[in-house]
Amino acid sequence: MTKSQIESQVEGWNWNLNIFEIYDELRDGHSAQDQEDLLTFAYNNFNKDVMIKELASHFGVSVVTDEDSPIPC
C-alpha cells in the first residue's frame, strides 16, 4: 500500500469503526506488511492508543514508535 492509501484508510477508521471492526478488516483483506503499516500509522495518528498496539501484537506485527527507535528522533 502507498502512504496515501494508508492515510486514507486509517482516516476512514477515525472514530467510525471500533477495534473489533478494525480487526475484521485487517484480518480479511491485508498482508502482514499492510497490517504493520496500517497499525503503525493508526497508533501514531490516534494518540498512541494502547488498543491499536494490542491489536498489532495479536496479528504478530510490530508498531514502530519513536520510543522503539534505536536512533534518537
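Enquirer: Please give an account of the overall build of the chain that cites residues and values.
Expert: Secondary structure summary: the chain contains four helices and zero strands in total. Listed N to C, the secondary structure of the chain is α-α-α-α in terms of helices and strands. Of the contacts formed within the chain by residues at least 6 apart in sequence, a portion of 51% connects residues at least 24 apart. Element-wise, carbon and sulfur atoms account for 51% of the exposed surface of the chain, whose accessible area totals about 4700 Å².

Enquirer: Talk me through the environment of Trp13; I want residue IDs and the actual numbers.
Expert: Within the secondary structure, Trp13 is located in helix α1 (residues 3-13). Owing to a relative accessible area of 2%, Trp13 belongs among the buried residues under this scheme. Considered as a pair, Trp13 and Ala42 are 29 residues apart in the sequence and their alpha carbons are 8.8 Å apart. Those residues in contact with Trp13 that sit more than four places away from it in its chain are Ile22, Glu25, Leu26, Leu38, Ala42 and Phe46.

Enquirer: Lay out the pattern of salt bridges in plain terms, naming residues and giving numbers.
Expert: Applying the stated criterion to the full structure yields two salt bridges. Residues Arg27 and Asp24 are paired through a salt bridge, measuring 3.4 Å at the closest nitrogen-oxygen approach. Of the two residues, Arg27 and Asp24 are both situated in helix α2 (residues 19-29); the distance of three residues between them amounts to about one turn of the helix. The exposure class assigned to Asp24 is partly exposed, which follows from its relative accessible area of 34%. The residue Asp28 makes a salt bridge to Arg27 at a minimum N-O spacing of 2.8 Å.

Enquirer: With reference to specific residues and values, describe the packing of helix α3 (residues 32-45) against helix α4 (residues 50-59).
Expert: The interhelical angle for the contact between α3 and α4, taken along N-to-C directions, is 165°, at an axis separation of 9 Å. As judged from the angle between their axes, α3 and α4 are roughly antiparallel. Relative to α4, α3 is oriented so that their crossing is left-handed. For the pair formed by α3 and α4, the contact residues are Gln35, Leu39, Ala42 and Tyr43 on the first element and Ile52, Lys53, Leu55, Ala56 and Phe59 on the second.

Enquirer: For the side chain of Gln35, give the residues involved together with the corresponding values.
Expert: Its place among the elements puts Gln35 in helix α3. Classification of Gln35 as buried rests on a relative accessible area of 7%. Separated by 3.1 Å, the side chain of Gln35 and the backbone oxygen of Leu26 make a polar contact. Within the structure, the side chain of Gln35 is placed 3.5 Å from the backbone oxygen of His30, a separation counted as a polar contact. Ignoring any residue separated from it by four or fewer positions in sequence, one finds Gln35 in contact with Leu26, Arg27, His30, Phe59 and Val61.

What counts and how
- All residue numbers refer to positions counted from 1 along the written sequence of the respective chain.
- Per-residue local features are limited, in this predicted model, to residues with pLDDT of at least 70; the limit for side-chain atom pairs, both in listing and counting, is 80 or more; totals at the level of whole chains, interfaces and linings are taken over all residues.
- With hydrogens and water stripped out, all remaining heavy atoms of the structure feed into the side-chain values.
- Only DSSP runs of H or I with at least four residues qualify as helices, and only runs of E with at least two residues qualify as strands; both kinds are numbered from the N terminus onward.
- Contact definition: two residues touch when any of their heavy atoms are within 4.5 Å.
- Only the protein chains shown count as cover for residues, and the accessible areas themselves come from Shrake-Rupley with a 1.4 Å probe.
- Buried residues are those whose accessible area, probed at 1.4 Å on protein chains only, stays under 20% of the maximum for their type, while exposed residues exceed 50% and partly exposed ones sit between those limits.
- Should a side-chain nitrogen of Lys or Arg be within 4 Å of a carboxyl oxygen of Asp or Glu, the pair is scored as a salt bridge.
- Inter-axis angles, ranging from 0 to 180 degrees, are taken between N-to-C directions of lines fitted to C-alpha atoms, where helices are fitted over the stretch in contact.
- Note on terminology: angles under 35 degrees are roughly parallel, angles over 145 are roughly antiparallel, angles of 65 to 115 are roughly perpendicular, and the others are oblique.
- In this scheme, a crossing is called left-handed if the near helix is turned counterclockwise away from the far one by less than a right angle; it is called right-handed if the turn is clockwise.
- Here a polar contact is taken to be a pair of N or O atoms separated by no more than 3.5 Å, where protein atoms must pair a possible hydrogen donor with a possible acceptor and residues adjacent in sequence count only if both atoms sit in side chains.

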